[in-house]
Amino acid sequence: MPDDLSHHARQLRDLADLLEAHISHPEDPHAPHPDTKEILGGRHTNRGQLNYAVPESLQLQRRIRRYNADSGIPHGDIVALALDAFLRAKGYPPSLTSHPEPS
């Protein structure tokens with residue numbers, strides 16, 4: 001029974017995180033979550049490579065380059081912001097108990 005309760009407690013925490021993100025930025029649903037902004041702003045943030053085949057007709061690489069030129073946001077941060085916002089909106093926030101120490 002305790003496993004069921006911990007699962008429900010985690011779901012409630014995740015729901016609270018989603019609500020907090022929505023309430024924090026009601027004017028812009030695509031605004032980065034404060035935790036995401038903090039992680040991306042860190043000087044020593046560990047990074048990993050994402051390699052996925054995506055449809056060329058979406059012109060994602062060209063659009064990312066154009067957005068980078070307009071905003072100055074690095075390519076990897078653009079991808080991280082977009083995927084984080086999408087996954088949070090779908091109910092998949094990261095489990096950030098603490099930020100990793102720089103290596």
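Scroll up for the structure.
Nothing here was measured: the structure is a model prediction, and the numbers come from that model.

Let's shift gears to the overall build of the chain. Along its length, the chain carries four helices and zero strands. Counted from the first residue to the last, the chain has its helices and strands arranged as α-α-α-α. For the chain, with 103 residues in total, the buried portion stands at 11%. Of the contacts made within the chain by residues no fewer than 6 positions apart, 51% connect residues no fewer than 24 positions apart. Carbon together with sulfur atoms contributes 57% to the accessible area of the chain, which is approximately 8700 Å² in total.

The tally for this structure, following the rule as stated, stands at two salt bridges. One salt bridge in this structure joins Asp77 and Arg47, with 2.8 Å as the shortest N-O distance. Linking Asp77 in helix 4 (residues 75-89) with Arg47 in the loop between helix 2 (34-41) and helix 3 (60-71), this pair joins segments that are 30 residues apart in sequence. A relative accessible area of 9% means that Asp77 is categorised as buried.

Once that is clear, we can look at unusual backbone geometry. At Gln59, a position not held by glycine, the phi torsion is positive, near 55°. Secondary-structure assignment places Gln59 in the loop between helix 2 and helix 3.

A few words now on helix 4. Here helix 4 is 15 residues long and its end C-alpha atoms lie 21 Å apart, about the 21 Å a rise of 1.5 Å per residue gives. The set of residues buried in helix 4 consists of Asp77, Ile78, Asp84 and Arg88. Down the axis, helix 4 shows its buried residues gathered within 140° of arc, on one side only. Positive phi shows up at Gly91, right after helix 4, with a value of about 95°.

Okay, the packing of helix 2 against helix 4 next. Put simply, helix 2 and helix 4 touch, their axes get as near as 11 Å, and they point 160° apart. Judged on the interaxial angle alone, helix 4 and helix 2 are roughly antiparallel. Here helix 2 runs over helix 4; the crossing is right-handed. Residues Asp35, Thr36 and Leu40 of helix 2 lie in contact with helix 4, whose contacting residues are Asp77, Ala80, Leu81, Asp84 and Arg88.

Thresholds applied
- Residues numbered from 1 in each chain as written.
- Predicted model: local features only at pLDDT ≥ 70, side-chain atom pairs only at ≥ 80, totals over all residues.
- Heavy atoms only, no water.
- Helix = DSSP H or I, 4+ residues; strand = E, 2+ residues; numbered from the N terminus.
- Buried < 20%, exposed > 50% of the residue type's maximum accessible area, 1.4 Å probe, protein only.
- Contact = heavy atoms within 4.5 Å.
- Areas by Shrake-Rupley, 256 points an atom, 1.4 Å probe, with all protein chains shown as cover.
- Salt bridge = Lys/Arg side-chain N within 4 Å of Asp/Glu carboxyl O.
- Expected span 1.5 Å × (residues − 1).
- Arc of directions from axis to C-beta.
- Axes fitted to C-alpha atoms, helices over the stretch in contact; angles between N-to-C directions.
- Parallel < 35°, antiparallel > 145°, perpendicular 65-115°, else oblique.
- Left-handed = near helix turned anticlockwise from the far one by under 90°.

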